[in-house]
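# Structural description and commentary
Now for the letters of each chain:
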Amino acid sequence: MEHNLFIYNTLTRRKERFIPLNEPYVGMYVCGPTVYGDGHLGHARPAITFDLLFRWLQQSGYKVRYVRNITDVGHLEHDADEGEDKIAKKARLEQKEPMEVVQYYLNRYHKAMEALNVLPPSIEPHASGHIIEQIEFIKQILDAGYAYISEGSVYFDVRKYDHDHKYGILSGRNIDDLLENTRELDGQQEKHCSLDFALWKKAQPEHIMRWPSPWSDGFPGWHLECSTMGTKYLGQQFDIHGGGMDLVFPHHECEIAQSTAALGHESVRYWMHNNMITINGQKMGKSLGNFITLDEFFTGSHKLLDQAYAPMTIRFFILQAQYRSTVDFSNEALKASEKGYQRLMEAYSRLKSLKPAATSTVDVKDLRAKCTEAMNDDLNSPIVISHLFEAAKAINAVADGKATISAEDLEELKATYKLFVEDVLGLKADAAEGSSSTSDAYKKAVDLLLNIRLEAKQNKDWATSDKIRNALQAAGFTIKDTKDGFEWSL
Ligand code: ZN
């Protein structure tokens, strides 16, 4: 196979040629959501970024096993070691069983992902379904000498690990600086060092999510699930591990330490991280009141939103930035994306009805090569989009009768548009007007009005017929009478 894809490896801090360990198979692990609330914009970016990678790897001829986990245990309120379990807390507040909370929000997450046209991963393992494997993983770390048992909990020994392997290689931090900047241990004498993190926590009596283990009735630490499930499903060494940049430290740093301690070597070849999303220049946060869920975007029901934004507008907006650059959401930016998306989709729809001529006066021959080159350059989706817009000019020129295209060029252009617009960027042609239920309802409403107009015309009630036509035209609709009835577009 040709290996033309270059990706930026967070670990080595440079773009590297991607060569899988075991071609044509690629193992890819991405940290999924903690399911205790509705998916928000911050969930959309990693999902779409790694969906783009998943799609592109497959288009490039690889067979991909894509694992995206569901965190349903061990994600605590304050950090990896302290506070109430986020899911247990929600369950307590809502008087539910924790797994009811997980299922409810997981179903909603899946629905949002489907709306965004994010393909489901190959495996979606739950942390709570892999307690036995996590206990075994802890035993390996204990056997290797990089963890210790204290009061029924098991902690990772960061100083010992750092001495042998160097802790902090992914985030570029070093243990001395970290020690200087962390608070001294106060009262929590269980840990030898403030940097040590829990592999297993003994459950307090009120903690309901608990499992038996050799050390105590308790639960695994948050970082452990990814080391365990990544190696369980992808092997002791696998190709790609991804997630949001906010996970580099401590989550992924701790994953590297755990896997290296247990297995004697690192398990991940390429670490990839998407940059974050800000809203009107601010970080997203519950306390800042700018925590907008995906459903709120789709329905427009948040005070910061001027209108509803279709899932495809959100997807297009995210793809308009390369995944390593920051993205700032604002109503203005989203409206611009909405327009851009519609423009692209209009061109795509016009392309489908173009008629070939004997020769081409437009040059679209190298579109496929240019888009491929951009994708191979660390998934540069904004450049792909700009090439597609360039080709849209040619499509519009032919459609307007100002240029011609040969049958051969037309076929190639159609195939390239389908490949990049639909298969690679994952943009759906039929969803430009909004979420499917909204757009269905709206189409039905317009059809209803035009059928009433048709009846009026048949009854020679010209006043009603004209009134409906004029009102719809004023609202921006184009109406065409045909011999079978009518056609309309917005
Ligand atoms: Zn993870």
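Residues numbered from 1 in each chain as written. Predicted model: local features only at pLDDT ≥ 70, side-chain atom pairs only at ≥ 80, totals over all residues. Heavy atoms only, no water.

## Description of the pairing of strand S1 (residues 6–9)
- Going residue by residue along S1, you find Ile-7 and Asn-9 tucked away on one face and Phe-6 and Tyr-8 left uncovered on the opposite face.
- Pairing of S1 with strand S2 (residues 14–17), which is carried by four bridges, proceeds in the antiparallel orientation. Looking at the pairing, Ile-7 lines up with Glu-16 of S2.
- Hairpin connection of S1 to S2: four residues between the antiparallel strands, including Arg-13 at a positive phi of 60°. (Buried < 20%, exposed > 50% of the residue type's maximum accessible area, 1.4 Å probe, protein only. Helix = DSSP H or I, 4+ residues; strand = E, 2+ residues; numbered from the N terminus. Pairing = 2+ DSSP bridges.)

## Some thoughts on the domain arrangement of the protein
- Domain parsing of the protein yields domain 1 (18–274), domain 2 (278–424) and domain 3 (437–489).
- With centres defined by C-alpha atoms, the gap from domain 1 to domain 2 works out at 34 Å.
- Facing the 25 residues of domain 1 at the interface are 34 residues of domain 2.
- Buried area between domain 1 and domain 2, summed over both chains or domains, comes out near 2,500 Å², and the portion from carbon and sulfur atoms is 70%.
- On the domain 1 side of the contact with domain 2, Leu-41, Arg-45 and Trp-56 bury the most area, a combined 31% of that side's loss.
- Where domain 1 packs against domain 2, one counts two salt bridges.
- Between Arg-108 and Asp-295 there is a salt bridge; the shortest N-O distance is 3.0 Å. (Domains from an automatic or database assignment. Contact = heavy atoms within 4.5 Å. Buried area = accessible area lost by both parts, 1.4 Å probe. Salt bridge = Lys/Arg side-chain N within 4 Å of Asp/Glu carboxyl O.)

## Considering the packing of helix H12 (residues 367–376) against helix H14 (residues 407–424)
- Where H12 contacts H14, the axes come no closer than 9 Å and their chain directions differ by 25°. Of the possible angle classes, the one that applies to H12 and H14 is roughly parallel. Counted together, Leu-367, Arg-368, Cys-371, Thr-372 and Met-375 of H12 and Glu-412, Leu-413, Ala-415, Thr-416, Tyr-417, Leu-419, Phe-420 and Val-424 of H14 form the full contact between these two elements.
- Looking at the contact of H12 with H14 residue by residue, the classes come out as nine nonpolar, two polar and two charged. (Axes fitted to C-alpha atoms, helices over the stretch in contact; angles between N-to-C directions. Parallel < 35°, antiparallel > 145°, perpendicular 65-115°, else oblique. Nonpolar A, V, L, I, M, F, W, Y, C, P; charged D, E, K, R; others polar.)

## Topic: the sheet that holds strand S4 (residues 63–68)
- Strands sit in the order S4-S3-S9-S10 across an open sheet of four strands; the sheet is parallel. The open sheet terminates on both sides in strands that have one partner only, identified here as S4 and strand S10 (268–274). When the angles between neighbouring strand axes are averaged without regard to direction, this sheet yields 20°.
- Here six bridges tie strand S3 (residues 25–30) to S4, and the two strands are oriented parallel to one another. Across the sheet, residue Tyr-25 finds its bridge partner in S4, namely Lys-63.
- Sitting on the sheet, helix H7 (residues 224–234) touches S3, S4 and strand S9 (238–244), and the angle it makes with S3 is about 160°.

## Considerations on the nonpolar core
- Formed by 137 residues in total, the largest nonpolar core has its most connected members in Phe-329 and Tyr-417.
- Sequence-distant contacts of Tyr-417, defined by excluding residues within four places in its chain, comprise Leu-344, Ala-347, Tyr-348, Leu-351, Leu-367, Leu-388, Phe-389, Ala-391, Ala-392, Ile-395 and Glu-422. (Core = buried A, V, L, I, M, F, W, Y, C linked by side-chain atoms within 4.5 Å.)

## Quick word on helix H10 (residues 311–319)
- Across the nine residues that make up H10, a large majority, nine, are buried.
- Of all the positions in H10, only Pro-311, Met-312, Thr-313, Ile-314, Arg-315, Phe-316, Phe-317, Ile-318 and Leu-319 are classed as buried.

## What about unusual backbone geometry?
- Between Glu-23 and the following residue, Pro-24, the backbone shows a cis peptide bond with an omega angle of 5°.
- Relative to the assigned elements, Pro-24 resides in the loop between S2 and S3.
- Omega for the bond connecting Phe-249 with Pro-250 falls within 30 degrees of zero, at 0°, which places this linkage in the cis form.
- Tracing the sequence through the fold places Pro-250 in helix H8 (residues 248–263).
- Even without glycine at this site, Asn-117 takes up a positive phi of about 60°.
- Tracing the chain through its elements places Asn-117 in the loop between helix H3 (98–115) and helix H4 (131–144).

## Describing the packing of aromatic side chains
- Considering all chains together, one arrives at 16 aromatic pairs under this definition.
- Put simply, the rings of Tyr-146, Phe-156, Tyr-161 and Phe-197 pair up and form one aromatic cluster.
- Across from the ring centre of Phe-249, 4.1 Å away, lies the NZ or CZ of Arg-173, which sits over that ring.
- Here the guanidinium or amino end of Arg-324 rests over the ring plane of Tyr-8, the centre of that ring lying 4.0 Å away. (Phe/Tyr/Trp six-rings, centres within 6.5 Å; stacked < 30°, edge-to-face > 60°. Lys NZ or Arg CZ within 6 Å of the ring centre and 35° of its normal.)

## Here we look at the coordination of the zinc ion
- Around the zinc ion, the protein contributes the donor atoms Cys-31 (SG), Cys-226 (SG) and His-251 (NE2), at 2.0 to 2.1 Å from the metal centre.
- Along the chain, the residues donating to the zinc ion fall in the pattern C-x194-C-x24-H. On the criterion of sequence distance, the pair formed by Cys-31 in the loop between S3 and helix H1 (41–59) and His-251 in helix H8 is long-range, its members being 220 residues apart.
- Take Cys-31: its relative accessible area is 10%, and that puts it in the buried class.
- Overall, the relative accessible area of 2% leaves His-251 in the buried class. (Donors = N, O, S within 2.8 Å, 3.2 Å for Na, K, Ca; no water.)

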